[in-house]
Amino acid sequence: MARIEPPRTGRPVTLGMRGMVATPHYLATEAGVEALASGGTAADAIIAANAVLCVAYPHMAGLGGDCFWLYWNGREGRLSALNGSGRSAQAATIEYYRSRGFDEIPSRGPLAANTVPGTVDAWAAAHERFGRLEWGSLFWRAIDYAENGIPVPASTARWMEKDQQVLAQHGAAGAILLKNGRPYRTGEVLVQEHLARSLHEVAEGGRDAFYRGWIAHEIVRDLQANGGLLSLEDLAGHRSDWVEPIHTSYRQHDVYTFPPNTQGLALLLILNMIEGYDLAAMGDGSAGYVHHIVEATRLAFADRDRWVADPESLQAPLDELLSRAYAAQRRQEIDPHRTRDWREITAEEPAAAAPSPQVGHAGGGTVYLCAVDDEGNCASCIQSIYHDFGSAVVGGNTGIILQNRGAHFSLDPAHPNRLEPRKRTFHTLMPSMVMRGGRPYVVFGTMGGEGQPQTQAAMLTRLIDFGYDVQQAVEAPRWLWGRTWGEPSRTLKLEGRFPRDTVEQLGRMGHTVDVLDDWTEVMRHAQQIRTHPESGVLEGAADPRGDGAAMGW
């Protein structure tokens, strides 16, 4: 039986005692650690790091996007969840798009930028409740990089080259993110003066500077001049919400993630099903290991597509879905030797709706970051502009790229994620945290659309079932089942480091297998931190598939 030995990683586990930050870009991690060293909390560290990511990773992060948090308050012993996703414009209706000849919401342009950016308000809400440092001090690094420039890493240069035509078609985006009409090359310095001004405004004026001040007026002015839908009332009326996380147990570990309107439910459904199998006996890297998790993923995605939407419009029966009885029922549908056709699974649920048009997108528009401070506070945060470079629309002279998350809405009136005014769309974003003995054990997450619950399941099983350290669990070969952007069919994609026997056996089991490079950004970037309360040691890991680093102090 082919197995993968615990990988010898190219980078060691990062160890610290007083704090730890892990992000997909080393300069963002440095900004987060600076906040901790200045006496800040995990919340302060996340805001400082996320602000730098908005400058350093314009294809993945931005003030024009949404974010979600899980936050453990060490003093109170309480886990909170913060929903920082924006709602659709009051003017955004199915009739509006249909009357203009659209069968789907465009993925780029002003009509794709139809939801309020929620990130800045979420930062403010987290800081108000959990921050310690002065608000404005959290942005000086990001402002400096925007004003004076930041070297373009290889990954960003690749995305600029890939999206050159998209950026060029949207003048302001091309003017900022292309150099004399061509993509920036690795190591060239990217200056974003307009974004620096917006960061200054937020640093000095807080959330109101974004949602009621010059930034709001500039975003709305530009959008409405080009046929967009957001209004000043839409922005001024936005608020993030504190909600209760959802959870299950997996081999004596309590796993928490985000409730609907996100797909966090899918991870818990997968874990409930695979807990019934002896994965350790199958072996990491074996066809059996991958097959059982992929089959559980198919079933979990069928439930996800039926039930995940704005909870104000659709209430999922979470207690039933997360029950052990339901997991046992679903587990009986898994053939240990043969895959099932996705269409058969969805057809078994007459009420199930097809996924939203963009649900398979796995582009480069999201970042995951996490932090732990010296008081035991833990932050798990994911922030996104959805597609790489979002809608490709820059809000006037703000330098802010607006997200296209609203393109995920369906124009089918019967769909659970149908477009309606002031509604939150289905989100793939799902920050997570594992508890052991009632205290945080692992703070973890990943970017990657449909890959998020799959990668999280891989990371957890490698930590818990196979005993990997956090860096090994991040670096181990990954798979991705489902559609990625631009692909009509769902295939099983494997990194090239899987044994050949595994690939061949999965093919014999009926999987359509695509073998990718040994290390591919298709699998996106994951980060995690593990705590050891008995010794006070923290372990951090960042993904070499990106430009990340974990740093402790």
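The shown structure was predicted, so the numbers you read here are calculated from the model rather than taken from an experiment. (Residues numbered from 1 in each chain as written. Predicted model: local features only at pLDDT ≥ 70, side-chain atom pairs only at ≥ 80, totals over all residues. Heavy atoms only, no water.)

> Help me out: how do you make sense of empty space enclosed by the protein in this one?
The method is simple in principle: a probe with the dimensions of a water molecule rolls over the atoms, and the space it marks as empty is what remains. Counting across every chain of the model gives four cavities of 30 Å³ or more. Space inside the largest cavity adds up to approximately 100 Å³. Along the wall of the largest cavity there are 14 residues; nearest its centre are Gln192, Leu195, Gly399, Ile400 and Ile401. Ranked by the residues each element gives to the lining of the largest cavity, the list is headed by helix α8 (residues 171-177), at three residues. Of the residues contributing to the lining of the largest cavity, the split by class is eleven nonpolar, three polar and no charged. (1 Å grid on protein atoms, 1.4 Å probe; cavity = no way out; pocket = protein on both sides within 12 Å on 5 of 7 lines; lining within 4 Å. Points joined across faces, edges and corners; volume = space filled by probe spheres on them. Helix = DSSP H or I, 4+ residues; strand = E, 2+ residues; numbered from the N terminus. Nonpolar A, V, L, I, M, F, W, Y, C, P; charged D, E, K, R; others polar.)

> Where do I start with the nonpolar core in this structure?
The tendency in soluble globular proteins is for nonpolar side chains to be buried side by side. Core analysis: the largest hydrophobic core is formed by 95 residues, its most contacted members being Leu63, Trp69, Trp123, Phe139, Leu199 and Phe210. Counting residues per element, this core draws most heavily on helix α2 (residues 42-56), which supplies 13 residues. (Core = buried A, V, L, I, M, F, W, Y, C linked by side-chain atoms within 4.5 Å. Buried < 20%, exposed > 50% of the residue type's maximum accessible area, 1.4 Å probe, protein only.)

> So what exactly am I meant to see when it comes to the packing of helix α14 (residues 287-307) against helix α20 (residues 500-508) here?
Axis angle and axis distance: for two packed helices, these are the angle between their axes and the distance between the axes, and together they describe the pair. Where α14 meets α20, the closest approach of the two axes is 9 Å, and the angle between their N-to-C directions is 45°. Between α14 and α20, the angle is such that the two are oblique. Seen from above, α14 lies across α20 with right-handed handedness. Contacts between α14 and α20 involve Ala287, Val290 and His291 on the former and, on the latter, Thr502, Gln505 and Leu506. (Axes fitted to C-alpha atoms, helices over the stretch in contact; angles between N-to-C directions. Parallel < 35°, antiparallel > 145°, perpendicular 65-115°, else oblique. Left-handed = near helix turned anticlockwise from the far one by under 90°. Contact = heavy atoms within 4.5 Å.)

> How do you make sense of the sheet that holds strand β20 (residues 513-515) when you look at a structure like this?
Sheets are built from strands paired through backbone hydrogen bonds, the pairs being either parallel or antiparallel. Pairing in this open sheet of three strands is mixed, and the strands run β18-β19-β20 from one edge to the other. Of all the strands in the sheet, the pair left with one neighbour each is β18 (479-482) and β20. Direction aside, neighbouring strands of the sheet carry axes that sit 20° apart on average. Taken together, the three bridges between strand β19 (residues 491-494) and β20 define a ladder with parallel strand orientation. By the bridge assignment, Leu494 is partnered in β20 with Val515. Each of β19 and β20 is contacted by α20, which is oriented at about 160° to β20, the strand it contacts most. (Pairing = 2+ DSSP bridges.)

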